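# Commentary on secondary and tertiary structure
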There are 2 protein chains.
Amino acid sequence: MAKPILSCMHCQNPPYITIRHHRQRLCRKHYIRWFQDKTDRTTQKYGMFDHKARILVAVSGGKDSLALWDALLRRGFAAEGLFIDLGIGAADGFSARSLAAIRLFLEKEHPAAPLHVVSLRESCGATLPELARGEARGRKKPCALCGLIKRHIMNEFPLKNGFTALATGHTLDDEAAILLRNVIHWECGYLGRQGPVLEESPGFIRRVKPFVRFFENEIAAYVRARNIVPVTLECPWSAKASTNRYKQLLARHEEEAPGASLHFYQQFLDARAGGRVVFPAQKAQQLAPCCSCGTPTNTGDSCAYCRMLERRAARGRRTARSDTPDP
Amino acid sequence: MAKPILSCMHCQNPPYITIRHHRQRLCRKHYIRWFQDKTDRTTQKYGMFDHKARILVAVSGGKDSLALWDALLRRGFAAEGLFIDLGIGAADGFSARSLAAIRLFLEKEHPAAPLHVVSLRESCGATLPELARGEARGRKKPCALCGLIKRHIMNEFPLKNGFTALATGHTLDDEAAILLRNVIHWECGYLGRQGPVLEESPGFIRRVKPFVRFFENEIAAYVRARNIVPVTLECPWSAKASTNRYKQLLARHEEEAPGASLHFYQQFLDARAGGRVVFPAQKAQQLAPCCSCGTPTNTGDSCAYCRMLERRAARGRRTARSDTPDP
């Protein structure tokens, strides 16, 4: 007997996707609607922002951030984009192709959406690989330095330009992997803060993660359904990122216990919200504005980002002196 | 050039084992000494018991519990053994062979050490497989029922016979796997209690785990060094035990991050002891003595163990009635 052909749950169209853990079988059009609805519900559930907010979306050119920007724009949010040009690779390398993917996406879908580009070469006088070569740590794997720089810019830029919140495309896979890493190392400070929303505080922008309830494959399906073409190159260092190790562990666990990552992350948020687990705030660190850029820091002097730039400037002066011929 | 042959760190004997994370290279004799010393140090570190204590060791016939009993007896502790004969397998099956391994161990090494055997067939009138067949849950995988029965006997027996503490052979691998399971499910009640010592309370024996700082392979090396022969059969259901899944996850993580399980478990104990993570006790459950056996229970009636026995007795009466011929 021929197998009955099941259609979309809401219309007669052929199904585009079946989401087992939500018991949804949807055509392309209704999947797009479901995805955008769920993004809306997540922003409401966690009180992330409303339609009056000016949102800055950190876009990398990858599927997660393009999908996020697209979903927010489609739902009428005032969402602008921020791309940090790290200068990784040559003229057709990772950074250049990432920016090209974003520009193509805008041209096709949202020609009026503002994109802000911060170039490391312009703002720091050097690309990420150049900065990493000068630093004692990170020469082989500049991920920590990259994180420091991106965190700095993703905080300073929206603050200086009057945005309400910075939105990032962190997925459930990302968040569960970070949670697992924080738990394996019992990083109680991070465990006390990790969540869909990091509230603003003096000198720090509000940070929100509207995709914390989506698995990566759900986002990939949305991107395909919307004909968005993210950058296909991966960052040359991404395979070494430690988060990947925890993602792989959770992926193996998911094989035997489907939905385990969602359960793990949600139970954590619930247990913390319900006071069943408490991470008492440690002695508050004394923060004072960085003497160069004004970002709050506990160093009592320049922040880590400005110190990195100062070290680079000092190396430049030493090189210049050693170039000077003896009198 | 010939590679230099390295000897034991303490004598000229050839090395038996190298323990990388402790930077120890030891001959057989010094490994045995190191292992017993470390067992002593663990019992002291966590204040488990002293030489005046009467300790009951839960012995299964496997390597962990035989090694534990051996190390405690070698160091002069008053340690008696408790074997629960679950009746798994035929006359040469798992339970029978386990008991035979224990008797052989005693005969060879500690002929004067008292072994107490509690047989399910004698105390409950049925073996574990027979009990499991009657229960709605656990027919295919009696692990939960087995846990219930063992917990009950391992509490009641030492209490009734005046022991100070019950010692089990839980290893670091066991404890880290249980911790991971508790964290993945955010079982905050268990997370608040899990540790090397579970203090006594009215109706509950003190429980201690002197091997929480040994990896399983360290115990296997001790057993080989001491020529102890544990039972080689595994429980026919052990492959299905959920703890194994978490052990495998941690084993994979250890491959890339050696010592990670030790770090994970130790950091947890330190963070909890230092108040960096708190699991507030939930509303204390009202415990009252079981009306059959007296073990504290929150059912307000019989404990789970006695109810299981009552269900079995009721089934027996029904069968007897249905066997009675019609008048």
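This text gives an overview of the structure that appears in the document. Predicted model only: the values in this text are computed from it and were never measured. (Residues numbered from 1 in each chain as written. Chains lettered and ligands numbered in written order. Predicted model: local features only at pLDDT ≥ 70, side-chain atom pairs only at ≥ 80, totals over all residues. Heavy atoms only, no water.)

## Focus: the sheet that holds strand β3 (residues 54-58) of chain B
The strands making up a sheet associate through backbone hydrogen bonding, with each pair oriented either parallel or antiparallel. All names here are of chain B. Operational definition: In this analysis, strands are considered paired if DSSP registers two or more bridges between them. In this text, helices come from DSSP runs of H or I with a minimum length of four residues, and strands from runs of E with a minimum of two, each type numbered from the N-terminal end. Only heavy atoms enter the contact rule, under which two residues are in contact if any of them lie within 4.5 Å. Helix axes are fitted to C-alpha atoms over the stretch in contact, other axes to C-alpha atoms as well, and angles between N-to-C directions run from 0 to 180 degrees.
The six strands are arranged β5-β4-β3-β6-β8-β7 in an open sheet whose pairing can be described as mixed. At either margin of the open sheet sits one strand with a lone partner, and together these are β5 (115-119) and β7 (197-198). When β3 meets strand β6 (residues 165-167), the two strands line up parallel, connected through three bridges. Among the inter-strand pairings, isoleucine 55 is bridged to a residue of β6, identified as alanine 165. Against the sheet, helix α3 (residues 94-109) engages β4 (78-85) and β5, with an angle of about 170° to β5.

## Quick notes on unusual backbone geometry
Residues and elements named next belong to chain A. Applied cut-off: Only protein chains enter the accessibility calculation, which uses a 1.4 Å probe; a residue whose area is less than 20% of its type maximum is buried, one above 50% is exposed, and one in between is partly exposed.
Its identity is not glycine, yet tryptophan 186 carries a phi of approximately 45°, on the positive side. By the element assignment, tryptophan 186 lies in the loop between α7 (172-184) and α8 (188-193). Accessibility expressed as a relative area gives 4% for tryptophan 186, which makes it buried.

## Observations concerning the side chain of glutamate 175 of chain B
You can see glutamate 175 of chain B is positioned in helix α7 (residues 172-184). With near-sequence residues (within four places) excluded, glutamate 175 of chain B lies in contact with His170, Gln194, Gly195, Lys209, Val212 and Tyr265 of chain B.

## Regarding the pairing of strand β5 (residues 115-119) of chain A
Residues and elements named next belong to chain A. This is how the line gets drawn: We call a crossover right-handed when, viewed with the strands running away from us, the connection from the first strand over the helix to the second turns clockwise.
In terms of strand pairing, strand β4 (residues 78-85) meets β5 through five bridges, oriented parallel. Of the residues in β5, the one forming a bridge with aspartate 85 is serine 119. Regarding topology, helix α3 (residues 94-109) serves as the crossover connection from β4 to the parallel β5, and that connection is right-handed.

## So, the nonpolar core
Defined as follows: Here, nonpolar core means buried Ala, Val, Leu, Ile, Met, Phe, Trp, Tyr and Cys residues that are tied together by side-chain atoms lying within 4.5 Å of each other.
In this structure, Trp186 and Phe264 of chain A together with Trp186 and Phe264 of chain B are the most contacted members of the largest nonpolar core, which totals 44 residues. Only α7, α8, α10 (242-256) and α11 (260-273) of chain A together with α7, α8 (188-193), α10 (242-256) and α11 (260-273) of chain B provide two or more residues apiece to this core. Ignoring sequence-local partners within four residues, the contact set of phenylalanine 264 of chain B consists of Val183, Ile184 and Trp186 of chain A together with Ala176, Leu179, Leu180 and Leu250 of chain B.

## A look at the environment of leucine 269 of chain B
Residue and element names in this part refer to chain B. On the secondary structure map, leucine 269 appears in helix α11. Judged by its relative accessible area of 8%, leucine 269 is buried. In this structure the C-alpha to C-alpha distance between leucine 269 and leucine 191, which are 78 residues apart in sequence, comes to 10.0 Å. In this view, leucine 269 contacts Tyr46, Gln194, Gly195 and Pro196; residues no more than four positions away in its chain are not counted.

## Brief notes about the pattern of salt bridges
We apply this condition: We count a salt bridge whenever a side-chain nitrogen from Lys or Arg sits within 4 Å of a carboxyl oxygen from Asp or Glu.
One pass over the full model with this rule turns up 30 salt bridges over all chains. Here arginine 74 of chain B makes a salt bridge to glutamate 109 of chain B, at a shortest N to O gap of 3.2 Å. With arginine 74 of chain B in helix α2 (residues 63-74) and glutamate 109 of chain B in helix α3, this pair connects stretches of sequence that are 35 residues apart. We classify arginine 74 of chain B as partly exposed; its relative accessible area is 42%. Exposure remark for glutamate 109 of chain B: the relative accessible area of 18% places this residue in the buried category. Residue glutamate 156 of chain B is joined to lysine 160 of chain B by a salt bridge in which the shortest nitrogen-to-oxygen separation is 3.5 Å. In this pair, glutamate 156 of chain B and lysine 160 of chain B are both assigned in helix α6 (residues 143-160), four residues apart and thus about one turn of the helix distant. Each of Asp70, Arg74, Glu109 and Arg226 of chain A takes part in a single network of salt bridges with overlapping partners.

## Examining the interface of chain B and chain A
Applied cut-off: For any pair of parts, buried area is found by adding up, for both, the accessible area (1.4 Å probe) each one loses once the two are put together. Residues adjacent in sequence count toward polar contacts only when both atoms are side-chain atoms; beyond that, a polar contact is any pair of N or O atoms within 3.5 Å, and within protein one must be able to donate a hydrogen and the other to accept it.
Contact with chain B, which involves 27 residues of that partner, is made by 27 residues of chain A. Summing both partners gives a buried area of about 2,500 Å² for chain B against chain A, and 68% of it is carried by carbon and sulfur. On the chain B side of the interface with chain A, the three residues burying the most area are Ile184, Trp186 and His253 of chain B, jointly 27% of the side's total. Between chain B and chain A we count two salt bridges in total. Salt-bridge contacts for glutamate 256 of chain A lead to arginine 245 of chain B; the nearest nitrogen and oxygen are separated by 3.2 Å. Remark: the boundary between chain B and chain A carries eight residue pairs in polar contact (both at pLDDT 80 or more). Elements supplying a minimum of two residues to the side of chain B that touches chain A: α7, α10 and α11 of chain B. The element best represented in the side of chain B that touches chain A is α10 of chain B, accounting for seven residues.

## Some remarks on the sheet that holds β5 of chain A
All names here are of chain A. The strand order across the open sheet formed by six strands is β5-β4-β3-β6-β8-β7, and the pairing between neighbours is mixed. Each end of this open sheet is capped by a strand with a single partner; those strands are β5 and β7 (197-198). The pairing of β7 with strand β8 (residues 206-208) spans two bridges and is classified as antiparallel. Across the sheet, leucine 198 pairs through a bridge with arginine 207, a residue of β8. Docked against the sheet, α3 engages β4 and β5, running at close to 170° with respect to β5. Running over the sheet, helix α6 (residues 143-160) touches β3 (54-58), β4, β5, β6 (165-167) and β8 and is turned about 140° from β4.

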